[in-house]
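Working through the structure, step by step
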Amino acid sequence: MLVQNVGLGAELSRANMVFWLPNAPNLDTLDHSDVLSIEIQNGNHWRKIFTIAAKLAVAPTCDWRRYKIESLFNEVRFVFDRMDFEKSQAKFKFVVGKQLTELLPVPDGVDCIYEAGKDDFEDASKRRVLVNDGVLWTPYFDYRQFPNALIDAVRTYMQRRA
């Protein structure tokens, strides 16, 4: 059973970052307040999502691996519903993936904080981050679409606005 319209992590009102994803993980039997439990039940797909989110959210001087296990769910919120996304007052709100960009289109006049170069083997439009007023439209949280260079560019952008 796939649990929809449930959030994971910090309370929506306390989260300093919100990640809007198109699908919730399977939360049948394990503790859904624990990153490792969700990764065990849902596999590599959710491990990648939590890893990329941790790399984006962690303080520059901290280890993202430790942060992911110990602090990720205390500071960020994963939502699966547009209404929860829009209610959030988080400083940074991520629209993750093409499917959600179709539901919440990128407005005119946005800034592009990263775009894959022409030398990259993939279409550059698949690996770019657009931002407008604290909302970031990003590729899906998968290592091919969201490599470390992209993570670094987004972290740099957020640090400048902190």
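To be clear, the structure that these remarks concern was listed above.
Okay, so let's go over this structure. A quick note: this is a predicted structure, and the numbers were derived from the prediction, not measured.

What follows concerns the packing of helix 1 (residues 35-42) against helix 2 (residues 44-57). At a minimum axis separation of 6 Å, helix 1 and helix 2 run at an interaxial angle of 145°. Every residue of helix 2 that contacts helix 1 at V35, I38, E39 and N42 is listed here: N44, H45, W46, R47 and F50.

A few words on the pattern of salt bridges. Under the criterion given, the structure shown has 7 salt bridges. The partner of D142 in a salt bridge is K48, with the nearest N and O atoms 3.4 Å apart. Here D142, found in the loop between strand 7 (135-138) and helix 7 (148-161), pairs with K48, found in helix 2; they are 94 residues apart in sequence, far enough to count as distant. Comparing D142 with K48, the two get one shared label, buried. One salt bridge connects R144 with D142, and the closest N-O pair in it is separated by 3.2 Å. Judged by relative accessible area, D142 falls into the buried class, the value being 11%. The network of salt bridges with common partners includes K48, D142 and R144.

A few words now on the packing of helix 2 against helix 7. Contact geometry for helix 2 and helix 7: axes closest at 9 Å, N-to-C directions at 35°. Note on packing geometry: the crossing formed by helix 2 with helix 7 is right-handed. Here I52, K55 and L56 of helix 2 come into contact with helix 7, specifically with N148, I151, V154, R155 and M158. Among the residues forming the contact of helix 2 with helix 7, the class breakdown is 5 nonpolar, 1 polar and 2 charged.

Below, the discussion takes up the packing of aromatic side chains. Per the counting criterion, the structure on display carries 11 aromatic pairs. Taken together, the ring pairs connect F19, W46, F50, F73, F78, F80, F94, F141 and F146 into an aromatic cluster. Above the ring of W64, the side-chain terminus of K55 is found at 4.9 Å from the ring centroid. Looking at K93, its charged tip hangs above the ring of F85, at a distance of 4.8 Å from the centre.

Strands sit in the order 1-3-2-4-7-6-5 across an open sheet of 7 strands; the sheet is mixed. Across the chains shown, the open sheet's two edge strands, defined by having one partner strand only, are strand 1 (8-9) and strand 5 (111-115). When strand 5 meets strand 6 (residues 128-132), the two strands line up antiparallel, connected through 4 bridges. From the neighbouring strand, D111 faces strand 6, where its bridge partner is V131.

Conventions we followed
Residues numbered from 1 in each chain as written. Predicted model: local features only at pLDDT ≥ 70, side-chain atom pairs only at ≥ 80, totals over all residues. Heavy atoms only, no water. Axes fitted to C-alpha atoms, helices over the stretch in contact; angles between N-to-C directions. Helix = DSSP H or I, 4+ residues; strand = E, 2+ residues; numbered from the N terminus. Contact = heavy atoms within 4.5 Å. Salt bridge = Lys/Arg side-chain N within 4 Å of Asp/Glu carboxyl O. Buried < 20%, exposed > 50% of the residue type's maximum accessible area, 1.4 Å probe, protein only. Left-handed = near helix turned anticlockwise from the far one by under 90°. Nonpolar A, V, L, I, M, F, W, Y, C, P; charged D, E, K, R; others polar. Phe/Tyr/Trp six-rings, centres within 6.5 Å; stacked < 30°, edge-to-face > 60°. Lys NZ or Arg CZ within 6 Å of the ring centre and 35° of its normal. Pairing = 2+ DSSP bridges.

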